[in-house]
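Okay, here's what each chain looks like letter by letter:
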Amino acid sequence: MPSSRRRRFGDSELRFADVFGTESSGSLSQVLRRAEEEPVDEDQEEYVLFGTLQGSVVGLRYYTGVVNKGEMVSLVREPHNPYDRNAVMVANVYGSQVGHIRRQLAAPMAYIMDNNLAKVEGVVVYRTNNQFTMPVHLSFWGKEENRLAIVNELSSHGFKLALGSKGGQGTSRGGATLERFWTVSRRTTAVPLTPEQLKNAFDKLFDDLMEDKTREMEAAEAVCTALLPHQKQALAWMALRENSDELPPFWEQQNNLYFNVLTSFAVKERPDKVLGGILADDMGLGKTLTTIALILTNFHNGKPLPLQGCAGSAKTKVSSEPAKTDGLRSGSHFAEEKPQGAASSSQCKRHLDASNVIVISDSEDAGEGVAPKKKGSAMLSEDSDFAAALGGVLQVPSSQKKKACKKREDCDEMQGGTGTSAGPRATLIVCPLSVLSNWLDQFEQHVCADVNVHVYYGSNRIRNPRFLAKQDVVLTTYNILSTDYTDKRCRPLQEVSWLRVVLDEGHVVRNPAALQSKAVLGLRAERRWVLSGTPIQNSLKDLWMLISFLRLKPFDTREWWNRVIQRPVTLGDETGLQNLQTLVKGITLRRTKSSRVGGRLLVELPQKQVFVEHITLTKDERQQYKKLKKDSRAIVKRYFREGTVMTNYADILAMLVRLRQLCCHPQLLGSSGTSDAGLVGTTENVSTPDELRQHLVEKITLVLSSGSDEECPVCLESLRQPVMTHCAHVYCKPCICEVIRSEKENAKCPLCRAQINISELVEYPGEQENLDMSQDKDKCLSSSKVDALMIHLLQLRTQDPSIKSLVVSQFTKFLSLLEVPLREHGFNFTRLDGSMSQKSRVEAIQAFQDSAQGSPSVMLLSLKAGGVGLNLTAASRVFLMDPAWNPAAEDQCIDRCHRLGQQSDVMVTKFIVKDSIEENMVKIQRKKQELVKKAFGAKNAEERKQSRIQDIRALMEL
DNA sequence: ACCGCCGGGTGCC
DNA sequence: ACCGCCGGGTGCC
């Protein structure tokens, strides 16, 4: 850049230098991403193509960005440009500025873009040999209602939109006249698909993902559980993905350039490798074990993790912050109860005996760099630390031990000392709290070497990045990750350079606006993995987060994802679908329980049978139910009449809860349950702020104490840290706080648009065990449902006392009520619910899984307690006491025992009260399941609201 | 830019 | 000479 020009255009040059200068690529992505964080980034699914326009890009000679024929460009408004506040900048896929839109056209475009009337997308369809300007093909996308405004604005500046032909194409060809300039080979023309075809295509997305992924790999010696064949395949594939030198999907090498087939973008530098991917195996196929095996086996180029091992210990060493009793002390009890090396050294020996003891001789004379002859030996010989790790057990000559110890100590002085190189060592695993203990269990169970697993959790967690980097594995939760992220001053997880980051249940991260998403995207790592049985939860949009996390350029920027993948696919473009499949295929391994390898089932599970048992209420129960239903209906009817269903949503939910409770047991309603007072009052007769607050606390307690699986209207997930607004709507605390923060003083409730602010939010006081319960013990009445359950349990005990059962309810209070008859009949039982500490959970699970005589035969389980990873295979009977809103939650619950390791056939009994709200719920469940099958996502806020209202009608039979 | 536009030089053909 | 025409300088926003 000549200095005269720099002076001349000083202001703007400088600013661009700031934005683009520091990094060679990706900076614009950040700018774009920042822009997209603003609320204007609505569902583009409703967008239609208004038309196209030929424009020109000027000022090419001032910028370095290049564009090839057919390449897509992005258009970015530059409201602060000193020469023209209408300026529209043009940038290529990698974010380098190419030029500006000519000012005459920039004027109407600025208006359109600033008022969010349309999204304008550019493609440089052909190039002239003009070095100063180039033509750009602009397509205008937006909501139908804005069409007129756009057409008017353009025509007032003398521009006219040409009708867009064959819309949809991400690599938009726009006007038919331009078709001939399109040279990149695209064989198929866009043929819209029917929803049915689309759905099938989505299923197919994961088909054929097995091919050439059947090679097996043995796990490192430190893994002492024998992997099943399909797990060895997954391990081989994962290691391959981590050591891969391949170009990411859609990149091809052409001469000395790297060319992106989809965006036509070419760069000299090789695009960053995408190390990692999505392990999308079905639940129960052992994603956790496979990942543990990966961590231990593939530290560097297929070599195992070098383990320190000075002492004679050979077990997973779990550490967490010292003593602190705030809720959860994951893992610490392992250390307390089983001092290092004591418990499992026998396990280790067993393992070593069974595998190869040649280890030592090999490791001594193999020297450096000898090609591996057999599994294990080479890994050991090439890494003295690892040999030393085993040495503790195998009695390596003491000189070698000492040497290894010394080395380890030295390494500890360096940040993230690895024992072999200066590169990062630690793997960060982020998981939902519910499966955290499962990870610890699995490390404990499957690893027999000295692996440092540090639990980063609890208020006294060690916020020291240097310390964290030195661990082998750091386990934390999404919650901690996002909480830390809000503290700008101390974000240890963000500071560490991880060898590997694993997102367990990765689909929980799907809303790009959520804090946890930002935190996840900010993590630094060489390799990235997403574990999820259901990578696409609701819609294709969900996948973007994951792709973005994996940094699959250029799709980690929302614009390119939308243009090239999401919109073409949702518009039914077959090419778009093919592209999506190629993309997913390249980075995903998915097998289901019914997948077959070489004609054989991947995993043979015992049978599962589901029975529905209809319960008839007693005369008394029926009468009570009828009365409550009549009163509730009257109130809901009134809301419908007044059109205030949404504003009184919490009240309605509370009434529904009461009806459901009554189906289970009258005592669930509590003291107020028997009279009209039990119905929720309106806020009208509440005057003081204190009263209002108290009132809201009662409401939120009523709505949530039941375990009703309400979703947060912002993140669409199950509620996390639920809070209630003054207008009585429930959200995740972080979600609604984020809304309030971004909207400042004018924050409105997303559901009813009432004014809200942070100080007025009412927190959910949590599950309180009803105290009168214990006093009522003796006069505890039974109920039809309780009786039905007891008949089953007693029968089972006579039939075969070793059979274990899960008794599941959403109402923890109901579980407490059930304890009474269980005790009366001398059942030994355990209990697992959300209010329990991590420690007592683990104890409950262990006790239940124990097969010894006299071990508990029943587990009282709250539906949402314990996450997906929970392993309750000791049970072969499941009693679902009450239907859930979300049928998937029930299935998940059943799968906790119907999974790998289950020895017997599983029988599930669902109790449904005849002629009650429960039957209506089942109907809705069924309908929803069909909907999920048919329409793929595509539900916007309004549709969701409508469907909720419809649900209420159906439930109340209105 | 093999353009458009601006402004200075110039002035029959 | 308050025009036309010529040719050099110049050029995104």
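Residues numbered from 1 in each chain as written. Chains lettered and ligands numbered in written order. Predicted model: local features only at pLDDT ≥ 70, side-chain atom pairs only at ≥ 80, totals over all residues. Heavy atoms only, no water.

Enquirer: Would you mind showing me how to read the overall build of chain A here?
Expert: Helix and strand counts for chain A come out as 33 helices and 28 strands. Taking all 958 residues of chain A together, the buried fraction comes to 56%. Restricting to contacts in chain A with at least 6 residues of sequence separation, those with at least 24 account for 74%. Counting only carbon and sulfur atoms, one obtains 50% of the accessible surface of chain A, whose full area is about 41400 Å². (Helix = DSSP H or I, 4+ residues; strand = E, 2+ residues; numbered from the N terminus. Buried < 20%, exposed > 50% of the residue type's maximum accessible area, 1.4 Å probe, protein only. Contact = heavy atoms within 4.5 Å. Areas by Shrake-Rupley, 256 points an atom, 1.4 Å probe, with all protein chains shown as cover.)

Enquirer: Hey, could you run me through the pattern of salt bridges in this one?
Expert: Any two side chains of opposite charge can pair, given that their charged atoms come close. Taken as a whole, this structure holds 28 salt bridges when the rule is applied. Between Glu121 and Arg563 there is a salt bridge, with the nearest N and O atoms lying 3.3 Å from each other. Of the two residues, Glu121 is situated in strand E5 (residues 119–124) and Arg563 in helix H21 (residues 558–570); the sequence distance between them amounts to 442 residues. For Lys553, the salt bridge is made with Asp556, and the minimal N-O distance between the two is 3.4 Å. As far as burial versus exposure is concerned, Lys553 and Asp556 are alike and both buried. Connected through salt bridges with shared partners, the residues Lys119, Glu121, Glu559, Arg563 and Arg567 form a single ionic network. (Salt bridge = Lys/Arg side-chain N within 4 Å of Asp/Glu carboxyl O.)

Enquirer: Looking at this model, I keep getting lost on the sheet that holds strand E26 (residues 858–862). Mind explaining?
Expert: The strands making up a sheet are joined through hydrogen bonds of the backbone, oriented either antiparallel or parallel. Strand order in the open sheet formed by six strands is E20-E28-E27-E24-E26-E25, with parallel pairing between adjacent strands. For this open sheet the edge positions go to strand E20 (608–615) and strand E25 (829–832), each flanked by a neighbour on one side alone. Each adjacent strand pair in this sheet contributes to an overall mean axis angle of 20°, direction not counted. The pairing of E20 with strand E28 (residues 906–913) spans eight bridges and is parallel. If you follow Lys608 over to E28, its bridge partner there is Val906. (Pairing = 2+ DSSP bridges. Axes fitted to C-alpha atoms, helices over the stretch in contact; angles between N-to-C directions.)

Enquirer: Looking at this structure, how should I read unusual backbone geometry?
Expert: Comment: phi is negative for the bulk of residues other than glycine, and the bulk of peptide bonds are trans. Following Lys553, the chain continues into Pro554 via a peptide bond in cis, with omega recorded as -5°. Even without a glycine there, the phi angle at Ser264 is positive, about 65°. On the basis of relative accessibility, which here comes to 1%, the residue Ser264 falls in the buried class. The phi dihedral of Glu957 is positive, around 55°, even though this residue is not glycine. With respect to the helices and strands, Glu957 occurs in the segment after helix H33 (941–956). Assessed through its relative accessible area of 35%, Glu957 is described here as partly exposed.

Enquirer: Could you clarify how one ought to interpret the pairing of strand E16 (residues 524–531) in this entry?
Expert: Sheet faces and side chains relate simply in a regular strand, where the side chains alternate between the two faces. Across four bridges, the pairing between strand E10 (residues 276–279) and E16 is parallel. The residue of E16 that forms the bridge with Gly276 is Arg528. Sheet topology places strand E15 (residues 497–503) next to E16; six bridges connect them, and they run parallel. What sits directly across from Trp498, in E16, is Ala525.

Enquirer: Just checking my understanding: could you explain the pairing of E25 for this structure?
Expert: Here E25 shows two buried faces, one formed by Phe829 and Arg831 and the other by Thr830 and Leu832. Taken together, the four bridges between E25 and E26 define a ladder with parallel strand orientation. By the bridge assignment, Phe829 is partnered in E26 with Val858.

Enquirer: Teacher, can you tell me more about the packing of helix H20 (residues 541–550) against H21 here?
Expert: Angle between the axes and distance between the axes: these two values describe a pair of packed helices. The N-to-C vectors of H20 and H21 enclose an angle of 130°; their axes lie 11 Å apart at closest approach. Considering the angle they form, H20 stands oblique to H21. The two elements H20 and H21 meet at a crossing, and its hand is right-handed. Counting all contacts with H20, which are made through Lys541, Leu543, Trp544 and Ile547, the residues of H21 involved are Arg558, Trp561 and Gln566. Here the residues of the contact of H20 with H21 are counted per class, giving four nonpolar, one polar and two charged. (Parallel < 35°, antiparallel > 145°, perpendicular 65-115°, else oblique. Left-handed = near helix turned anticlockwise from the far one by under 90°. Nonpolar A, V, L, I, M, F, W, Y, C, P; charged D, E, K, R; others polar.)

Enquirer: Explain the sheet that holds strand E9 (residues 266–267) to me, please; I cannot follow it from the model alone.
Expert: Across the sheet, which stays open at both edges, the three strands sit in the order E7-E8-E9 with antiparallel pairing between neighbours. Strand pairing shows two members of the sheet lacking a second neighbour, strand E7 (251–254) and E9, which therefore form its edges. In this sheet, E9 lies alongside strand E8 (residues 257–260) in antiparallel orientation, the contact comprising two bridges. Considered in E9, the bridge of Phe259 is made with Ala266.

Enquirer: How should I be thinking about a negative patch on the surface in this particular structure?
Expert: Judged by side-chain charge, Glu46, Glu145, Glu942 and Glu943 come together as a negatively charged surface patch. Tracing the backbone shows Glu145 in the loop between strand E6 (133–142) and helix H5 (147–156). (Patch = residues over 30% accessible without salt bridge, like charges linked within 9 Å, V, L, I, M, F, W, Y side chains within 5 Å. Lys, Arg positive; Asp, Glu negative; His and termini not counted. Charge placed at Lys NZ, Arg CZ, Asp CG, Glu CD.)

Enquirer: Would you mind showing me how to read the packing of aromatic side chains here?
Expert: Any aromatic ring pair is given by two values, namely how distant the centres are and how the planes are angled relative to each other. Enumeration according to the criterion identifies five aromatic pairs in this entry. For the ring pair Tyr62 and Tyr63, a centre distance of 6.4 Å and an interplane angle of 70° mean the geometry is edge-to-face. Using a relative accessible area of 22% as the deciding quantity, one classes Tyr62 as partly exposed. Look at Trp237 and Trp529: their rings are 5.5 Å apart centre to centre, the planes differ by 65°, and that puts the pair in the edge-to-face class. Of the two residues, Trp237 sits in helix H7 (residues 229–243) while Trp529 sits in strand E16, which places them 292 residues apart along the sequence. Each member of the pair, Trp237 as well as Trp529, is classed as buried. One residue, Arg558, lies across the ring of Trp544, its end atom 5.1 Å from the ring centre. (Phe/Tyr/Trp six-rings, centres within 6.5 Å; stacked < 30°, edge-to-face > 60°. Lys NZ or Arg CZ within 6 Å of the ring centre and 35° of its normal.)

Enquirer: In this structure, what is going on with the nonpolar core? I would like to understand it.
Expert: One broad trend across soluble globular proteins is that nonpolar side chains are buried collectively. If you look at the biggest cluster of nonpolar residues, it comprises 100 residues, and the most contacted ones within it are Trp498, Phe555, Trp561 and Leu580. When residues of this core are assigned to domains, at least three fall in each of domain 1 (3–181) and domain 2 (270–340 + 415–593). Look past the residues within four positions of Phe555 in its chain and what remains in contact with it is Phe250, Leu262, Trp544, Ile547, Trp560, Trp561, Val564, Ile565 and Leu583. Listed in part, the 81 residues of the second largest apolar core include Ala788, Leu817, Phe829 and Val858. (Core = buried A, V, L, I, M, F, W, Y, C linked by side-chain atoms within 4.5 Å. Domains from an automatic or database assignment.)

Enquirer: Mind showing me how you'd approach helix H30 (residues 838–849) here?
Expert: The α-helix winds at 3.6 residues per turn, so residues separated by three or four positions along the chain end up facing the same way. With 12 residues, H30 should reach 16 Å at 1.5 Å per residue; the first-to-last C-alpha distance of 16 Å fits that figure. Looking only at H30, the buried set comprises Gln838, Arg841, Val842, Ala844, Ile845 and Phe848. The arc that holds every buried residue of H30, seen down its axis, measures 160°, which confines them to one face. (Expected span 1.5 Å × (residues − 1). Arc of directions from axis to C-beta.)

Enquirer: Even after reading the chapter, I still don't get the packing of helix H28 (residues 784–799) against helix H29 (residues 812–824), so can you show me in this structure?
Expert: Contact pair H28 / H29: the axes reach a minimum separation of 11 Å and the direction vectors enclose 50°. Overall, the two elements H28 and H29 adopt an arrangement that is oblique. Crossing of H28 against H29: the hand is right-handed. Residues Val786, Leu789, Met790 and Leu793 of H28 form the contact with H29, whose own contacting residues are Phe814, Leu818, Pro821 and Leu822. Partitioning the contact of H28 with H29 into residue classes produces eight nonpolar, no polar and no charged.

Enquirer: Please clarify how the side chain of Thr291 should be interpreted in this entry.
Expert: Summarising the element assignment, Thr291 is placed in helix H8 (residues 287–297). By relative accessible area, which is 1% here, Thr291 ends up buried. What Thr291 contacts, discounting residues up to four positions off in sequence, is Met238, Trp439, Val502 and Leu531.

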